[in-house]
Amino acid sequence: MSAVEDKITSLGLKLPEVVPPLATYQPAVRSGAYVFTSGQLPMVDGTLPATGKVGAEVSPEQAKELAATCALNALAAVKSVIGDLDKIQRVVKVVGFVASAPEFTGQPGVVNGASELLGEILGDKGVHARSAVGVAVLPIDAPVEVEIQVEVAE
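The text that follows walks through the structure, step by step, so that each part is easy to find. (Residues numbered from 1 in each chain as written. Predicted model: local features only at pLDDT ≥ 70, side-chain atom pairs only at ≥ 80, totals over all residues. Heavy atoms only, no water.)

Between helix H1 (residues 3-10) and helix H3 (residues 107-122), the shortest axis-to-axis distance is 8 Å and the interhelical angle comes to 120 degrees. Classified by the angle their axes make, H1 and H3 are oblique. In this structure, H1 contributes Val-4, Lys-7 and Ile-8 to the contact, and H3 contributes Glu-120, Ile-121 and Leu-122. The residue makeup of the contact of H1 with H3, split by class, is 4 nonpolar, no polar and 2 charged. (Axes fitted to C-alpha atoms, helices over the stretch in contact; angles between N-to-C directions. Helix = DSSP H or I, 4+ residues; strand = E, 2+ residues; numbered from the N terminus. Parallel < 35°, antiparallel > 145°, perpendicular 65-115°, else oblique. Contact = heavy atoms within 4.5 Å. Nonpolar A, V, L, I, M, F, W, Y, C, P; charged D, E, K, R; others polar.)

Set out below in structure tokens:
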């Protein structure tokens, strides 16, 4: 097991299997020194633990936890391409989409769930640029979706 996976385990988490695509795309692709993930939903064992809009059916606190699940799913997608998470040189960019009730404006706090988990797992390599975007709806009524871009060792 890699040092990164050991860290995941030490946090009481488990790197999941790659979430199968819901449409025609790959969970992650490599281009040169970079791996780009597709948007990852907070799937756990093939199901969404919550659905709906953040600020309505889903609390911001629950959505923040779901964003962390998305980040873990994104790391699984990265591993499926590079084989060993220790090859990650740094997380370059995180983009989080938050299905938001009309009055909800706390998207950055929700996406912090992904950012904070990546920092806990990868330390300084987890520091990244980021966008947190409110949207009307996400696939299968997911409350949050996260994609990442990482630089990897050759």
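Read on for the rest.
So, on to the pattern of salt bridges. Counted according to the given criterion, the structure contains 4 salt bridges. Put simply, Lys-79 and Glu-5 hold a salt bridge, and the shortest N to O gap is 3.0 Å. Within this pair, whereas Lys-79 is found in helix H2 (residues 60-82), its partner Glu-5 is found in helix H1, the two being separated by 74 residues in sequence. Judged by relative accessible area, which is 26%, Lys-79 ranks as partly exposed. Glu-5 gets classed as buried once you look at its relative accessible area, which sits at 13%. (Salt bridge = Lys/Arg side-chain N within 4 Å of Asp/Glu carboxyl O. Buried < 20%, exposed > 50% of the residue type's maximum accessible area, 1.4 Å probe, protein only.)

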